[in-house]
Amino acid sequence: MNFLEERIKKDGIVKEGNILKVDSFLNHQMDIELFNEMGKEFQRRFEGKEINKILTIEASGIGIACIAAQYFHAPVVFAKKAKSINLDGDMYVAEVVSFTHKNVNQVIVSKKFLNKEDKVLIIDDFLANGCALQGLIQIVQEAGASVEGIGIAVEKGFQPGGHMIRNLGYQLESLAIIDGMDAETGTINFRKQG
Ligand code: G4P
């Protein structure tokens with residue numbers, strides 16, 4: 001088990017409905033030393049890639065992206081979520097459906113902060129159905145920039161997002177991939193990674 005899997009095993013709580021609570025170290029209270037290890041691991045996994053920008057989405061992606069960014073010496077841009085906005089042409093916009101929250105958000109990034117020269121690493125905390133990621137990829141494409149890689153903390157491997165994104169040909173690196181979990185016993189099965 002790697003450091004993140006160990007931490008999930010120790011402090012993660014499996015809830016009914018296939019939800020993993022990690023709010024004591026990842027998406028409410030944040031363990032910065034853990035984030036730092038995650039940043040180093042992303043650097044190792046994306047070694048050799050030319051990355052000049054990190055893109056994430058509010059809220060929980062921001063902390064992870066900021067700590068990781070120190071290893072890439074790149075600025076972080078976070079996509080903002082909005083219920084409905086007046087589009088003035090200065091923004092890239094994608095629609096993101098949340099299955100968890102059962103709503104639709106518009107996700108926006110100012111055109112000032114993403115352009116065709118950018119080589120982007122996308123970072124986020126969870127990958128489940130992949131809707132948020134699809135929205136971010138769409139925004140990068142609209143900007144004419146390139147997605148050099150995608151770094152995720154926790155992938156729920158039993159939901160379709162990871163498969164879909166890998167099938168599109170992206171280098172997707174998830175530090176922990178959960179293939180199954182059981183709320184009754186608290187068991188979490190991690191996918192073996194090379
Ligand atoms: P998707 O983006 O992969 O399609 O996932 P989905 O719509 O199913 O998830 C919506 C939100 O719920 C996302 O955060 C996602 O990170 C989070 N999520 C999904 N499964 C789990 C889980 O098992 N545990 C936890 N803790 N979160 C999960 P969000 O709404 O964008 O929230 P935030 O970043 O503002 O905190």
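As shown above, the structure is provided for reference.
What you see is a predicted model; the values in this text were computed from it and never measured.

Peer 1: Describe the overall build of the protein, naming the residues involved and giving the relevant values.
Peer 2: Secondary structure summary: the protein contains five helices and ten strands in total. Computed over the C-alpha atoms, the radius of gyration of the protein is 16 Å, within 12% of the 16 Å expected from 2.2 N^0.38 for a compact globule of 194 residues. Among the 194 residues that make up the protein, the fraction classed as buried is 48%. Considering only residue pairs separated by 6 or more positions, the protein has 59% of its internal contacts joining residues 24 or more positions apart. When the accessible surface of the protein is split by element, carbon and sulfur atoms take 49% of a total near 10,000 Å².

Peer 1: Explain helix α4 (residues 131–142) to me, and be specific about the residues and the numbers.
Peer 2: The end-to-end C-alpha separation of α4 is 17 Å, in line with the 16 Å expected for twelve residues at 1.5 Å each. Buried within α4 we find Cys-131, Leu-133, Gly-135, Leu-136, Ile-137, Ile-139 and Val-140. Looking one or two residues beyond α4, the residue adopting positive phi is Gly-144, at roughly 75°.

Peer 1: Explain the packing of helix α1 (residues 3–11) against helix α2 (residues 32–45) to me, and be specific about the residues and the numbers.
Peer 2: The geometry of α1 relative to α2 is characterised by a closest axis approach of 10 Å and an angle of 145° between their N-to-C directions. Every residue of α2 that contacts α1 at Phe-3, Leu-4 and Arg-7 is listed here: Leu-34, Glu-37, Met-38 and Glu-41. In the contact of α1 with α2, the residues fall into four nonpolar, no polar and three charged.

Peer 1: Can you lay out the packing of α2 against helix α3 (residues 61–72) for me, pointing to particular residues and giving the numbers?
Peer 2: The geometry of α2 relative to α3 is characterised by a closest axis approach of 8 Å and an angle of 50° between their N-to-C directions. It follows from the interaxial angle that α2 and α3 lie oblique. As α2 packs across α3, the resulting crossing turns out to be right-handed. Residues Ile-32, Phe-35, Asn-36, Met-38, Gly-39, Lys-40, Phe-42 and Gln-43 of α2 form the contact with α3, whose participating residues are Gly-63, Ile-64, Ile-67, Ala-68, Tyr-71 and Phe-72. Grouping the constituent residues of the contact of α2 with α3 by class yields nine nonpolar, four polar and one charged.

Peer 1: An account of the layout of surface pockets is needed here, citing residue identities and associated values.
Peer 2: To find leftover empty space, a probe the size of one water molecule is rolled over the atoms. Counted as a void, the largest pocket has a volume near 830 Å³. Lining the largest pocket are 32 residues, and of these Ser-98, Thr-100, His-101, Asp-125 and Phe-126 lie nearest its centre. Elements with a minimum of two residues in the lining of the largest pocket: β2 (19–21), β5 (91–98), β6 (103–110), β7 (119–127) and α4. The leading source of residues in the lining of the largest pocket is β7, at four residues. Considering only residue class, the lining of the largest pocket consists of 15 nonpolar, ten polar and seven charged. In this structure, the second largest pocket encloses a volume near 220 Å³. Residue contributions to the lining of the second largest pocket peak at three residues, all from α2. Here the residues of the lining of the second largest pocket are counted per class, giving two nonpolar, three polar and six charged.

About the thresholds
Residues numbered from 1 in each chain as written. Predicted model: local features only at pLDDT ≥ 70, side-chain atom pairs only at ≥ 80, totals over all residues. Heavy atoms only, no water. Helix = DSSP H or I, 4+ residues; strand = E, 2+ residues; numbered from the N terminus. Rg over C-alpha atoms; globule rule 2.2 N^0.38 Å. Buried < 20%, exposed > 50% of the residue type's maximum accessible area, 1.4 Å probe, protein only. Contact = heavy atoms within 4.5 Å. Areas by Shrake-Rupley, 256 points an atom, 1.4 Å probe, with all protein chains shown as cover. Expected span 1.5 Å × (residues − 1). Axes fitted to C-alpha atoms, helices over the stretch in contact; angles between N-to-C directions. Nonpolar A, V, L, I, M, F, W, Y, C, P; charged D, E, K, R; others polar. Parallel < 35°, antiparallel > 145°, perpendicular 65-115°, else oblique. Left-handed = near helix turned anticlockwise from the far one by under 90°. 1 Å grid on protein atoms, 1.4 Å probe; cavity = no way out; pocket = protein on both sides within 12 Å on 5 of 7 lines; lining within 4 Å. Points joined across faces, edges and corners; volume = space filled by probe spheres on them.

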